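Read off the chains here:
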Amino acid sequence: GIHLEKFNPEIARSLTKDFLKRVTATITGELKITGTPHALQYEGAVYIDSAAFALKSLNTLYRIDKQKLSIDYPAIRFEKFVLTDSAGHPLTVQGSVNLFDRVKSIDLKIETADFIALHSTRQPGTLLYGTAIVDAALNVKGTTVQPVIEGNAGLQAKSNVYVVSSPKRSYSNTRNDGIIFVKMDTLASAAAGIVEAFDSLSTEGSLKGVKYNLELKVDKEAEFSVLVNPATGDELVMKGDARLNVGLG
């Protein structure tokens with residue numbers, strides 16, 4: 001067996017550099033290795049006492065403290081794994097990832113409420129920024145190469161999300177000082193802009209390969225601002241009750 005006194009955070013940063021940044025971690029664990037050199041099997045646990053990271057695509061900080069990952073070959077199991085946002089609101093993950101299997105399948109359930117999923121300012125190349133406070137109940141299936149995300153999510157009232165739209169997309173509505181005010185549930189092209197941002201994050205960014213089918217509920221006080229022309233600052237501001245389905249198959 002192997003006793004892990006302290007995991008070098010540089011290793012964690014190296015393993016996750018393609019999709020995480022600002023990674024800090026204090027990790028210990030116990031690992032038992034059996035089998036043959038060509039067919040090793042692993043059993044044990046990893047304990048994360050203090051960790052922080054940000055997804056590159058969102059640039060928002062999340063924390064993990066005093067959590068356990070069970071290693072039960074070929075899976076890593078999340079019995080009730082808790083991730084918190086910058087205000088301490090929990091996001092709970094249960095299920096497993098067959099990380100040591102050739103296929104690397106995923107079977108996870110994710111639940112949260114009042115979670116600050118996004119809290120970042122605009123940076124060069126950013127497609128999505130602002131503040132997004134969400135409730136969510138999601139199932140993640142598929143594989144680590146091509147995860148499939150399904151379920152429900154709600155955007156709460158204090159959210160203010162900015163989406164950078166393609167300069168090729170046009171909107172024809174009454175303008176007022178460079179800002180267009182519309183009701184979310186009456187503008188199909190606005191929904192198309194949001195879907196476009198999801199697709200851009202998935203196909204161009206660190207979420208490449210992801211598929212999703214999500215039912216989204218937007219609170220009447222939550223606000224989306226689509227930057228129709230980032231160069232001039234023209235915005236399409238959307239505010240109001242909405243229920244949308246976004247998907248990428």
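Calculation notes
Residues numbered from 1 in each chain as written. Predicted model: local features only at pLDDT ≥ 70, side-chain atom pairs only at ≥ 80, totals over all residues. Heavy atoms only, no water. Helix = DSSP H or I, 4+ residues; strand = E, 2+ residues; numbered from the N terminus. Buried < 20%, exposed > 50% of the residue type's maximum accessible area, 1.4 Å probe, protein only. Contact = heavy atoms within 4.5 Å. Areas by Shrake-Rupley, 256 points an atom, 1.4 Å probe, with all protein chains shown as cover. Pairing = 2+ DSSP bridges. Phe/Tyr/Trp six-rings, centres within 6.5 Å; stacked < 30°, edge-to-face > 60°. Core = buried A, V, L, I, M, F, W, Y, C linked by side-chain atoms within 4.5 Å. pLDDT = per-residue confidence, 0-100.

This brings us to the overall build of the protein. A count of helices and strands for the protein gives two helices and 16 strands. The proportion of buried residues among the 249 residues of the protein is 40%. Taking the intrachain contacts of the protein between residues at least 6 apart in sequence as the baseline, contacts between residues at least 24 apart amount to 53%. A total accessible area of about 13,900 Å² is found for the protein, and carbon and sulfur atoms account for 54% of it.

So, on to the pairing of strand β8 (residues 106-120). Direction of pairing for strand β7 (residues 90-97) relative to β8: antiparallel, over a ladder of seven bridges. From the neighbouring strand, Leu91 faces β8, where its bridge partner is Thr112. Across 10 bridges, β8 lies against strand β9 (residues 128-142) in antiparallel orientation. Each residue of the ladder has a partner; that of Ser120, found in β9, is Gly130.

With that settled, the discussion passes to the packing of aromatic side chains. To describe a pair of aromatic rings, one takes the distance between the centres and the angle between the planes. Applying the stated criterion to the full structure yields seven aromatic pairs. For the ring pair Phe78 and Phe81, a centre distance of 5.4 Å and an interplane angle of 90° mean the geometry is edge-to-face. Like Phe81, Phe78 is buried.

Another aspect to go through is the pairing of strand β10 (residues 147-155). The pairing of β9 with β10 spans nine bridges and is antiparallel. Within β10, the residue paired with Asn139 across the bridge is Glu150. Taken together, β9 and the strand that follows it, β10, pair antiparallel across an intervening segment of four residues. Relative to strand β13 (residues 211-218), β10 runs parallel, the two sharing eight bridges. Each residue of the ladder has a partner; that of Ile149, found in β13, is Tyr212.

Moving on, we come to the side chain of Thr92. Structurally, Thr92 is set in strand β7. When residues no more than four places from it in sequence are discounted, the contact partners of Thr92 are Lys80, Phe81, Val82, Lys109, Ile110 and Glu111.

A word on the nonpolar core. By size, the foremost hydrophobic cluster in this structure holds 48 residues, and its most contacted members are Ile48, Phe78, Leu155 and Val161. Beyond its immediate chain neighbours, meaning those up to four positions away, Phe78 contacts Leu69, Val93, Gln94, Gly95, Ser96, Val97 and Leu108.

Another point: the confidence of the model for the protein. Per-residue pLDDT for the protein averages 79, and the proportion of residues at 70 or more is 72%. No element of the protein has a lower mean pLDDT than strand β12 (residues 179-182), at 43, and none a higher one than β7, at 97. The low-confidence segment residues 168-191, where pLDDT is below 50, has 47 contacts with residues more than four positions distant or belonging to other chains. Predicted confidence for residues 201-206 stays below pLDDT 50, and this span has 16 contacts to residues more than four positions away or in other chains.

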